[in-house]
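Below are the chains, spelled out letter by letter.
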Amino acid sequence: MDPTDDLDAREAERIRRRDREAAAEQRELMKPGMGKVFKQIQDRQRKAAGEIAPLSDKAPTKRRRT
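K.L.:
Tell me about helix α2 (residues 34-49), residues and numbers included.
P.N.:
For α2, spanning 16 residues, the distance from its first C-alpha to its last is 23 Å, which sits close to the expected 22 Å at 1.5 Å a residue. Among the residues trailing α2, G50 stands out with phi positive, at a value near 80°.

Laid out in structure tokens, this is it:
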């Protein structure tokens, strides 16, 4: 059952649009090269917290595209 079933068409469309936009923001973070940005954000947060956590000894692996 869809939670938008009991709403009028305009309201249901507004909710679907909102959900789609939220999902687009998540997909944007999954684009190639965003891992570097994510690491930069984490490093900045660690520095701000005053505790530089040791990085993993494990070397990063490349993902193969299919």
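K.L.:
Kindly report on the pattern of salt bridges, identifying the contributing residues and their values.
P.N.:
Pairing between side chains of opposite charge can happen when their charged atoms approach one another. In this structure the tally under the stated criterion is 5 salt bridges. A salt bridge links R14 to E11, with the nearest nitrogen and oxygen atoms 2.7 Å apart. Highlighted residues: R14 and E11, both in helix α1 (residues 9-29), separated by 3 residues, approximately one helical turn. Judged by its relative accessible area of 29%, E11 is partly exposed. Notably, a salt bridge pairs R46 with D43, separated by 2.8 Å at the nearest N-O pair. Taken together, the residues span about one helical turn, with R46 and D43 both in helix α2 at a distance of 3 residues. For D43, a relative accessible area of 29% gives the class partly exposed. Through salt bridges with shared partners, a single ionic network connects K39, D43 and R46.

Rules of the game
- Residues numbered from 1 in each chain as written.
- Predicted model: local features only at pLDDT ≥ 70, side-chain atom pairs only at ≥ 80, totals over all residues.
- Heavy atoms only, no water.
- Helix = DSSP H or I, 4+ residues; strand = E, 2+ residues; numbered from the N terminus.
- Expected span 1.5 Å × (residues − 1).
- Salt bridge = Lys/Arg side-chain N within 4 Å of Asp/Glu carboxyl O.
- Buried < 20%, exposed > 50% of the residue type's maximum accessible area, 1.4 Å probe, protein only.

By themselves, these observations are geometric and do not establish any function.
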